[in-house]
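Coordinates in review
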Amino acid sequence: MSTKLRLGMVGGGQGAFIGAVHRIAARIDDEYELVCGAFSSDPEKSKLSGAQLGIPASRTYGSYQEMYENELLLPEAERVQVISIVTPNHVHFGPAKMAMESGFSVILDKPIAFSLAEALELKKISGHTGKRLALTHTYTGYPMVKEARQLVASGKLGEIRKVYAEYPQGWLSTFEEGGTNKQASWRTDPSQSGIAGAMGDIGTHAFNLAEYVTGLQVARLCADINIVVAGRKLDDDGTAMLKFNNGASGVLFATQVAAGEENNVKIRVYGEKGGLEWQQSDANTLVVKSLTGPAEIYRTGGKYLGSFATHNTRTPGGHPEGYLEAFANIYRNFALTVRADLDHERPAPECLDFPGIEEGIRGMAFIERVIESGKSDNKWIDLKIE
């Protein structure tokens with residue numbers, strides 16, 4: 001197929017931060033064309049948002065249900081193919097479920113759902129319908145994160161022994177949810193965000209990064225969960241000790257009350273023969289350490305890098321590739337995979353390298369278990385998925 005995939009969007013209208021990020025990511029590689037949307041639960045706001053984006057009034061809808069139903073009435077060559085869902089957490093499951101049942105593939109902002117039970121239900125629906133789902137765990141899209149994963153998988157570090165994953169933010173160091181800050185209001189509201197605050201919002205990114213880079217799974221955890229700012233309803237700070245399925249141990253912390261911090265998500269992994277370190281503030285650099293030799297500096301764009309890092313690099317060495325490009329890598333790899341499906345071809349491994357339903361399920365299990373541990377006197381809890 002040579003034409004762009006036809007993209008529809010649920011949410012992401014006027015005033016929505018992440019909707020614009022998704023649209024930029026979809027445009028970077030020209031793999032998609034935004035053709036329709038239900039951009040707000042307010043039909044009038046959706047209409048205004050659609051007009052701003054150049055979407056015809058006939059394909060700007062007042063609800064996702066209306067969008068799916070009307071798009072299915074269009075000829076197959078015109079109707080939407082992929083749905084991007086960029087709503088608050090409590091409006092993930094319904095639009096994703098109906099999209100796949102309607103025959104559309106889905107790109108979904110994380111977390112995958114409002115609960116582990118909903119995530120497991122989406123897996124069943126994907127299996128029944130054959131429709132794919134990508135989850136925007138953005139940080140796995142960075143070329144040097146992909147290089148880190150390949151290095152660990154190659155055995156360069158030996159058996160993994162220790163993992164540190166962290167995500168410090170400072171934007172909720174004061175009580176922001178009482179005013180006009182829309183992002184603070186819904187992210188700290190249990191009815192929209194779910195049972196977790198910082199651990200659900202950014203802790204899941206650190207958790208996903210730890211499992212992605214190491215190729216391991218967290219088997220048990222022990223958590224300390226805090227509400228630091230008075231009057232807040234959900235956690236804004238937390239730390240978890242981790243035990244991985246190979247016996248390695250780890251520490252994860254996520255906080256939104258680290259005053260002065262921005263979004264410097266960071267991971268360190270240590271094995272029997274060496275270690276590695278990556279952080280978003282210097283995203284083009286991967287530090288690889290050896291037990292018996294000097295540390296090495298790997299850089300995005302280097303000719304010595306593996307196929308996964310190379311596949312996800314757009315610019316010559318020395319040109320920074322950042323958050324938007326990492327986000328776009330998920331969109332592009334998903335597009336290449338969907339195109340291969342439509343052409344009845346097998347996607348290349350590099351194209352299949354995007355977070356999906358399994359990562360979403362594990363993220364929801366992490367959220368539920370880390371909050372359970374934080375509230376329990378029996379601190380060590382198995383990360384079971386039932």
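Report follows, based on the coordinates. (Residues numbered from 1 in each chain as written. Predicted model: local features only at pLDDT ≥ 70, side-chain atom pairs only at ≥ 80, totals over all residues. Heavy atoms only, no water.)

This part takes up the pairing of strand β2 (residues 32–38). Consecutive side chains along a regular strand alternate between the two faces of the sheet. For β2, the tally of buried residues reaches five of seven residues, placing the bulk of the element in the interior. Sheet topology note: the strand β1 (residues 5–11)/β2 ladder contains six bridges and is parallel. Paired with Leu7 across the bridge in β2 is Leu34. Between β1 and its parallel partner β2, the chain crosses via helix α1 (residues 17–28), and the hand of that crossover is right-handed. (Buried < 20%, exposed > 50% of the residue type's maximum accessible area, 1.4 Å probe, protein only. Helix = DSSP H or I, 4+ residues; strand = E, 2+ residues; numbered from the N terminus. Pairing = 2+ DSSP bridges. Right-handed = clockwise from strand over helix to strand, strands pointing away.)

Here the focus is the sheet that holds strand β5 (residues 133–135). By definition, the strands of a sheet pair up through backbone hydrogen bonds, in either a parallel or an antiparallel sense. Here five strands make up an open sheet; going across it, the order is β2-β1-β3-β4-β5 and the pairing parallel. Only two strands of the sheet have a single partner each, and these edge strands are β2 and β5. Recorded for the sheet is a direction-independent mean angle of 25° between the axes of neighbouring strands. (Axes fitted to C-alpha atoms, helices over the stretch in contact; angles between N-to-C directions.)

With that out of the way, let us pick up the nonpolar core. Core analysis: the biggest nonpolar cluster contains 78 residues, and Tyr68, Ile83, Ile112, Val213, Trp278, Leu286 and Phe366 have the highest contact counts within it. Sequence-distant contacts of Ile83, defined by excluding residues within four places in its chain, comprise Gly8, Val10, Met67, Tyr68, Ala99, Phe104, Ser105, Val106 and Ile107. (Core = buried A, V, L, I, M, F, W, Y, C linked by side-chain atoms within 4.5 Å. Contact = heavy atoms within 4.5 Å.)

By secondary structure assignment, the location of Gly50 is in helix α2 (residues 43–52). Look at Gly50 and you get buried, because its relative accessible area is 0%. On a C-alpha basis, the gap between Gly50 and Ile227 in space is 39 Å, while along the polypeptide they are 177 residues apart. When neighbours within four sequence positions are excluded, Gly50 is seen to be in contact with Phe39, Ile55 and Thr60.

Here we come to the packing of aromatic side chains. This structure, assessed with the given rule, holds twelve aromatic pairs. Residues Phe334 and Phe354 carry aromatic rings whose centres are separated by 5.3 Å and whose planes lie at 90° to one another, so their mutual orientation is edge-to-face. With a gap of 20 residues between them, Phe334 in helix α11 (residues 323–342) and Phe354 in the loop between α11 and α12 (357–375) connect regions that are remote in the sequence. Per residue, the accessibility class of Phe334 equals that of Phe354, and both read buried. Joined through ring pairs, the aromatic side chains of Tyr32, Tyr139, Tyr167, Tyr323, Phe327 and Tyr331 make up one cluster. Positioned above the aromatic ring of Tyr212 is the side chain of Arg149, whose terminal nitrogen or guanidinium carbon lies 4.4 Å from the ring centre. (Phe/Tyr/Trp six-rings, centres within 6.5 Å; stacked < 30°, edge-to-face > 60°. Lys NZ or Arg CZ within 6 Å of the ring centre and 35° of its normal.)

Overall, mixed pairing links the nine strands, which are arranged β13-β12-β11-β10-β6-β9-β8-β7-β14 in an open sheet. A strand with exactly one partner marks an edge of an open sheet, and here the two such strands are β13 (296–299) and β14 (380–382). When strand polarity is set aside, the average angle formed by the axes of neighbouring strands in this sheet is 15°. Pairing of strand β7 (residues 218–226) with strand β8 (residues 237–244), which is carried by eight bridges, proceeds in the antiparallel orientation. Each residue of the ladder has a partner; that of Ala223, found in β8, is Ala240. This element, helix α9 (residues 198–214), spans β6 (160–168), β7, β8, β9 (249–255), β10 (266–271) and β11 (274–279) of the sheet and lies at about 150° to β9. Against the sheet, α12 touches β7, β8, β9 and β14, its axis set at about 50° to β7.

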